[in-house]
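Chain and residue survey
Listed below, chain by chain, are the residues.
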Amino acid sequence: MRLLVVAPPYAGHLNPLLVLARSVPDAEVLVVTGPGKLADIRAAGFAATPVLADDPDAMERIADTPRVTGHPVRALRQVAANLRLLPRALPEVQAAADAFGPDAVAADFCAPVAGVVAGRLGVPWVTTVPTPFAIENRRGTPAYLGGWTPRAGLAGRLRDAAGRAATRTGKHLAGVVFRRELEPFGGSLYRPDGSEAFYSPHAILALGLAELEFDRDWPAALRFIGPVTAVPQPVTAPPTLLPEDEPRVLVTLGTHLPWAKHDLADQVVRLAERVPGLSFVVSLGDSSRLTAPTRIAARVQAVPYVPYDASLASFAAVLHHGGAGITYSTLRAGLPSVVWPRDYDQFDFAARIARRGLGVRVRSLTEAPDALAAALALPRAGLERFAALVRAGDPAAEFRRTLRPPAAPGASSR
């Protein structure tokens, strides 16, 4: 099988696809992504080709915003920037696919041009979604509105209905404004049947747990296959420079949003002063800022990067931003979370973690001392249940089964 993998150059979107692609026996894989990740992808043993090589930071500029995107005007500008990339990226993805001749296309949900290419080639298209609630719902609590949780009664139903209507209206308006950019998708963000055109109509693989989600509806094509928390290339956990007799807390805000991390280490030093008995490891999520573990206070160590699955067994809790990767790695390890959401889907992951009794949500690090005490005191039964759910899944097997359905009309049989 020849498998074309398409994803933006962001670790939380690209890494799960690479792990899944590697699990397909005898597959010839070509990865199409931004230029910034090519060296890492090739080092992991995959063939790779870039898109937007003439503007190598195009996608990173959109994702790594200089400040929070929560303001409607800033959020609209970011949506506009993403939509404007589509007609630029499409011919390059098409050219790579024409040269490669894939039997199937697997794409992250932020790479919808892959679906257009798959349709033109007549091959199956699989969408992977590390953030399942990004998909619009017609029943239940909507997402991307600051981390709403379900509310009982008529007031809750009216609120949710208004939120869903606002989301759909905003997307329709974006479809009107950017109709030219959306021409390959039929000129709209929606298909005639009302489904979202950016996701495969046949196979949407949600890389998460249905048990973590709120009660709502899902597209008929969607299937939860479990989270993918592994990385495509083994990374050694950094050595500890901290006292061995104190419980340790990992602090991470992921690999994006430099504005959220510029003074993170200093904030954690001040936090440690207020929390005796705990040590802290701060992951900067950027090896260019720090090349080796550095002890910056008596009970605080800064490291360039922490491979979550390989490291979390040595921690008592995790203070994180609520990204998909760290959320599910923390659940896999059976650890409690203190969630400090900063942007994007993080508020919704925080809402789910708090609602399920798996952690505590905070608005700033000034709340962290009490939140850490509360998180460490959470009942173990819920944490152990979700750890077992994460470990029981076999997303790679589900991915392989999805790639080998009855042959689509016109599909090759290589």
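Scroll up to find the structure.
These remarks concern the structure in this document.

So, how was this worked out
Residues numbered from 1 in each chain as written. Predicted model: local features only at pLDDT ≥ 70, side-chain atom pairs only at ≥ 80, totals over all residues. Heavy atoms only, no water. Helix = DSSP H or I, 4+ residues; strand = E, 2+ residues; numbered from the N terminus. Buried < 20%, exposed > 50% of the residue type's maximum accessible area, 1.4 Å probe, protein only. Polar contact = N/O pair within 3.5 Å; in protein donor to acceptor, adjacent residues only side chain to side chain. Contact = heavy atoms within 4.5 Å. Pairing = 2+ DSSP bridges. Axes fitted to C-alpha atoms, helices over the stretch in contact; angles between N-to-C directions. Salt bridge = Lys/Arg side-chain N within 4 Å of Asp/Glu carboxyl O. Right-handed = clockwise from strand over helix to strand, strands pointing away. Core = buried A, V, L, I, M, F, W, Y, C linked by side-chain atoms within 4.5 Å.

With that out of the way, let us pick up the side chain of Thr-127. Of note, Thr-127 is situated in strand 5 (residues 125–129). Here Thr-127 falls in the buried class, since its relative accessible area comes to 1%. A polar atom in the side chain of Thr-127 sits 3.4 Å from the side chain of Trp-125. With near-sequence residues (within four places) excluded, Thr-127 lies in contact with Ala-107, Phe-109, Phe-198, Tyr-199, Ser-200, Ala-203, Ile-204 and Leu-205.

Residues other than glycine seldom take positive phi values, yet Tyr-144 does so here, at roughly 60°. Topologically, Tyr-144 is positioned in the loop between strand 5 and helix 6 (153–177). Taking relative accessible area as the criterion, Tyr-144 reaches 42% and is therefore assigned partly exposed. If you check the backbone angles, Tyr-344 has positive phi at about 55° while not being a glycine. Locating Tyr-344 in the fold gives a position in the loop between strand 13 (337–339) and helix 10 (346–355). We classify Tyr-344 as partly exposed; its relative accessible area is 25%.

This paragraph deals with the sheet that holds strand 10 (residues 294–297). The seven strands are arranged 10-11-9-8-12-13-14 in an open sheet whose pairing can be described as mixed. The sheet is open, and its two borders are formed by strand 10 and strand 14 (359–361), each paired with just one other strand. Sheet twist, expressed as the mean angle between neighbouring strand axes with direction ignored, is 20°. Bridging between strand 8 (residues 248–252) and strand 9 (residues 279–283) involves five bridges; their strand directions are parallel. Its bridge partner lying in strand 9, Thr-252 is registered against Ser-283. Helix 10 contacts strand 12 (317–320), strand 13 and strand 14 of the sheet and is inclined by roughly 135° relative to strand 14. This element, helix 11 (residues 368–376), spans strand 8, strand 9, strand 12, strand 13 and strand 14 of the sheet and lies at about 145° to strand 13.

Another aspect to go through is the pattern of salt bridges. Under the criterion given, the structure shown has 14 salt bridges. Taken together, the shared-partner salt bridges in this structure form one network comprising Glu-136, Arg-168, Lys-171 and Glu-196.

A few words now on the pairing of strand 12. Neither face of strand 12 is left uncovered, since the one carrying Ala-317 and Leu-319 and the one carrying Val-318 and His-320 both have all their residues buried. Bridge count between strand 8 and strand 12: four bridges; the pairing is parallel. Paired with Leu-250 across the strands is Val-318, a residue of strand 12. Note: strand 12 against strand 13, three bridges, orientation parallel. Bridged to Leu-319 within strand 13 is Val-338. Crossover strand 12 to strand 13 through helix 9 (residues 324–332) is right-handed.

Our focus in this paragraph is the environment of Ala-165. Structurally, the position occupied by Ala-165 is in helix 6. On the accessibility criterion, Ala-165 (41% relative accessible area) is partly exposed. Each C-alpha atom, one on Ala-165 and one on Pro-142, is 9.5 Å from the other, the two residues being 23 residues apart in sequence.

Our next topic: the sheet that holds strand 5. Pairing is parallel across the open sheet formed by seven strands, whose spatial order is 3-2-1-4-5-6-7. The sheet is open, and its two borders are formed by strand 3 (47–50) and strand 7 (222–224), each paired with just one other strand. Here the strands of the sheet are splayed against their neighbours by 25° on average, with no regard to which way each runs. Across four bridges, the pairing between strand 4 (residues 104–108) and strand 5 is parallel. By the bridge assignment for strand 5, Ala-107 is matched with Thr-127.

Here we take up the nonpolar core. The biggest cluster of nonpolar side chains holds 36 residues, and the ones touching the most others in it are Leu-4, Val-6 and Phe-185. Those elements that provide at least two residues to this core are strand 1 (2–6), strand 2 (28–33), helix 3 (58–63), helix 4 (72–100), strand 4 and helix 5 (113–121). Among the elements that line this core, the one with the most residues is helix 4, at nine residues. If we skip the residues at most four places from it in the chain, Val-6 touches Leu-17, Val-32, Val-93, Val-105, Ala-106, Ala-107, Asp-108, Ala-111 and Ala-114. Leu-3, Val-24, Phe-46 and Ala-106 belong to the second largest nonpolar core, which has 28 residues in total.

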